[in-house]
Amino acid sequence: MTSRNWVKLFISTLLVGGFTTGVVGFIVRWDEFAPIFADFDILEILSVLFWLVGVGLIFSIVSQMGFFAYLTVHRFGLGIFKGLWNPIQIVLILFALFDLVYFRYKAFANEGDSLFPYFSIAFFLLIVGLVVAAIKVKQTNQHAFIPAVFFMVAVTAIEWVPVLRVNEKSWLYLMLIPLLACNTYQLLILHKLNKDSQKQRSAIAKKPSK
């Protein structure tokens, strides 16, 4: 990827993170923010919006760090494990989903609490991962399916760890949705930026040297 496209990806992902968190923040914490809308306190609304966007930019950076870390790990995995890399990713996906249910239940559930809320979050993450992976396959090829699911499920879960430890419901969704939005955007735009970078390099190579 050329530096120009890398900067384009960085800035556009920041915008996705900031915008998504701004919208999701008002939704998941509506009970807290409803009074300022009822009073039509513009300054307070804008200050909350700026705060949410700032938090979203942080979530976006976390997402981008996870994305580029995965690209590196994926290359190492292909080089070291070769044909076994996809089965290994499947096992790691299952471990990530199991951890989201079992360890969170053990850490935060009270006696008699249902497992359903813990299963539902893991199930939601898996469904999003499968849908995004299916779109990625349509855009590229079938070999992209398992890596895409791994990134959307396992890597997102790792990025999500800071609020998973807190287990505060509004923060769980406030971080998860922007992470999924940023991760989806980066995953689906990557091959387009790579193609654009190749065209830019080809155009530069064709220019006559002085």
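Residues numbered from 1 in each chain as written. Predicted model: local features only at pLDDT ≥ 70, side-chain atom pairs only at ≥ 80, totals over all residues. Heavy atoms only, no water.

Visitor: Account for the side chain of Ser12, with residues named and values stated.
Guide: Secondary-structure assignment places Ser12 in helix H1 (residues 3-28). Within the structure, Ser12 has its side chain in polar contact with the backbone oxygen of Lys8 (distance 2.7 Å). (Helix = DSSP H or I, 4+ residues; strand = E, 2+ residues; numbered from the N terminus. Polar contact = N/O pair within 3.5 Å; in protein donor to acceptor, adjacent residues only side chain to side chain.)

Visitor: Can you lay out the packing of aromatic side chains for me, pointing to particular residues and giving the numbers?
Guide: For the structure shown, the criterion picks out 16 aromatic pairs. Relative to Phe10, the ring of Trp6 lies with its centre 5.6 Å away and its plane at 10 degrees, an arrangement referred to as stacked. Separated by four residues within a single helix, Trp6 and Phe10 lie in helix H1, roughly one turn from each other. Overall, the relative accessible area of 38% leaves Trp6 in the partly exposed class. With a centroid separation of 6.0 Å and 85 degrees between ring planes, the pair formed by Trp51 and Trp171 is classed as edge-to-face. Here Trp51, found in helix H3 (residues 42-81), pairs with Trp171, found in helix H8 (residues 169-206); they are 120 residues apart in sequence, far enough to count as distant. Judged by its relative accessible area of 40%, Trp51 is partly exposed. Clustering of aromatic rings is evident, with ring pairs tying together Trp6, Phe10, Phe67, Phe68, Tyr70, Phe81, Trp85, Phe150 and Phe151. (Phe/Tyr/Trp six-rings, centres within 6.5 Å; stacked < 30°, edge-to-face > 60°. Buried < 20%, exposed > 50% of the residue type's maximum accessible area, 1.4 Å probe, protein only.)

Visitor: Kindly report on the environment of Arg104, identifying the contributing residues and their values.
Guide: Mapped onto the elements, Arg104 comes out in helix H4 (residues 85-108). Through-space distance from the C-alpha of Arg104 to that of Arg165 is 8.3 Å; in sequence the pair is 61 residues apart. Excluding its chain neighbours within four sequence positions, the residues that come into contact with Arg104 are Asp99, Ala109, Tyr118, Ile121, Leu164, Asn167 and Leu172. (Contact = heavy atoms within 4.5 Å.)

Visitor: For the pattern of salt bridges, give the residues involved together with the corresponding values.
Guide: Oppositely charged side chains are able to pair whenever their charged atoms sit close together. Going through the model one piece at a time under the given rule, you end up with one salt bridge. For Glu32, the salt bridge is made with Arg29, and the minimal N-O distance between the two is 2.8 Å. Overall, Glu32 belongs to the partly exposed group, its relative accessible area being 46%. Given the relative accessible area of 14%, Arg29 is considered buried. (Salt bridge = Lys/Arg side-chain N within 4 Å of Asp/Glu carboxyl O.)

Visitor: Outline the nonpolar core, listing residues and values.
Guide: Judged by nonpolar contacts, the single largest core of 48 residues is most densely connected at Leu100, Leu125, Phe151, Met152, Trp160 and Leu187. Listing elements by their share of this core, those giving two or more residues are H1, helix H2 (30-38), H3, H4, helix H5 (116-139), helix H6 (145-159), helix H7 (161-164) and H8. Among residues more than four places away in sequence, those in contact with Phe151 are Gly66, Phe67, Tyr70, Thr156, Asn183 and Leu187. (Core = buried A, V, L, I, M, F, W, Y, C linked by side-chain atoms within 4.5 Å.)

Visitor: Could you give an account of unusual backbone geometry, naming the residues involved and the relevant values?
Guide: One non-glycine residue, Phe40, lies in the positive phi region at around 50 degrees. Mapped onto the elements of the fold, Phe40 is located in the loop between H2 and H3. What makes Phe40 exposed here is its relative accessible area of 61%. The phi angle at Lys82 is positive, at roughly 55 degrees, despite the residue not being glycine. Within the secondary structure, Lys82 sits in the loop between H3 and H4. Classification of Lys82 by relative accessible area gives exposed; the value is 59%.

Visitor: How would you sum up a nonpolar patch on the surface? Please name residues and give values.
Guide: A cluster of nonpolar side chains, contributed by Phe123, Ile127, Leu130, Val131, Ile135 and Phe145, occupies part of the molecular surface with about 490 Å² of accessible area. Here the nonpolar patch takes five residues from H5, the largest share from any one element. You can call Ile135 partly exposed: its relative accessible area is 35%. (Patch = residues over 30% accessible without salt bridge, like charges linked within 9 Å, V, L, I, M, F, W, Y side chains within 5 Å. Areas by Shrake-Rupley, 256 points an atom, 1.4 Å probe, with all protein chains shown as cover.)

Visitor: Please give an account of the packing of H2 against H3 that cites residues and values.
Guide: Relative orientation of the contacting elements H2 and H3 amounts to 145 degrees, with a least axis distance of 9 Å. Facing H2, whose interface residues are Phe33, Ile36 and Phe37, H3 presents Glu44, Ile45, Val48 and Leu52. A class-by-class count of the residues in the contact of H2 with H3 yields six nonpolar, no polar and one charged. (Axes fitted to C-alpha atoms, helices over the stretch in contact; angles between N-to-C directions. Nonpolar A, V, L, I, M, F, W, Y, C, P; charged D, E, K, R; others polar.)

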